[in-house]
Every structure is written in structure tokens, then in C-alpha cells.
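Structure assessment
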Amino acid sequence: MTDLDLVLRRLLPDPDSFSNESWARRLEEFEGRAILFVGVSLPPSYFGSRVIVAEETEGTDGTLYPAAEYILYEQRLPPVHREHIKTHELAHMALGHPT
């Protein structure tokens, strides 16, 4: 496999069976850590974000958060908008953007 093949495999989701979840699983191979989608209540005008947790972290309530890339999205949005946010954040990852 050439370097170009590897880059295209990372960047391009499989058009025959696309879903954000399948693209995330594909990107996990390259990122070396889990990608988790989390619906949350965000402040007004915020729709989504990507948060990178480099090592397992304990929350203030004692919850353990594994090392992962979390894609947060506003849970009250319509389903199509939530999927758009997930795709947008995955594209940042595929393009190598740091956050």
C-alpha cells in the first residue's frame, strides 16, 4: 500500500456503508485511541466540540474518563444537525487538525 493509499484510506469514509460511527472506527486505527460521541447540554450558540483526553482522568464526581477523543454535540438539536456536527468534527480529525 502506498503512502497516498494510506492517506486516502484515512481521509475518505467508505461510501458504500457510510455512517459517522463506522468512520470513527476507521479513524481510531490512525489516532490510536477511542473516539466517543457524547450528547450533552451546551451553552447557547455552541453546537459541538472535540475534546482530547490524553490519559485516563477522574471527574469531580469520581467518574473515570478513559483516554479518548470525545466528540460532544448538543443533544437537543434535531438528529440531522447532530449527525452534521459529528461529521464536521471527524473531518477535523481526518485532516489532522489538533482540535
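Let's talk about the pattern of salt bridges
Summed over all chains, the structure comprises six salt bridges. Residue arginine 50 is joined to glutamate 69 by a salt bridge in which the shortest nitrogen-to-oxygen separation is 2.7 Å. With arginine 50 in strand β2 (residues 48-53) and glutamate 69 in strand β5 (residues 68-74), this pair connects stretches of sequence that are 19 residues apart. Given a relative accessible area of 9%, arginine 50 falls into the buried group.

Focus on the packing of aromatic side chains
Counting across every chain of the model gives one aromatic pair. Taking the ring centre of phenylalanine 37 as reference, the NZ or CZ of lysine 86 above it sits at 5.0 Å. Over the face of the ring belonging to tyrosine 73 we find lysine 86, whose NZ or CZ atom lies 4.9 Å from the ring centre.

So, the nonpolar core
A general feature of soluble globular proteins is that nonpolar side chains tend to end up buried together. Counting eight residues, the largest nonpolar core is built from Trp23, Ala24, Leu27, Ile35, Ile71, Leu90, Met93 and Ala94. Elements represented by at least two residues in this core include exactly α2 (20-31) and α3 (79-94). Residues in contact with alanine 24, not counting those within four places in the same chain, are Ile35, Phe37 and Leu90.

Conventions adopted
- Residues numbered from 1 in each chain as written.
- Predicted model: local features only at pLDDT ≥ 70, side-chain atom pairs only at ≥ 80, totals over all residues.
- Heavy atoms only, no water.
- Salt bridge = Lys/Arg side-chain N within 4 Å of Asp/Glu carboxyl O.
- Helix = DSSP H or I, 4+ residues; strand = E, 2+ residues; numbered from the N terminus.
- Buried < 20%, exposed > 50% of the residue type's maximum accessible area, 1.4 Å probe, protein only.
- Phe/Tyr/Trp six-rings, centres within 6.5 Å; stacked < 30°, edge-to-face > 60°.
- Lys NZ or Arg CZ within 6 Å of the ring centre and 35° of its normal.
- Core = buried A, V, L, I, M, F, W, Y, C linked by side-chain atoms within 4.5 Å.
- Contact = heavy atoms within 4.5 Å.

In short, geometric facts, not functional conclusions.
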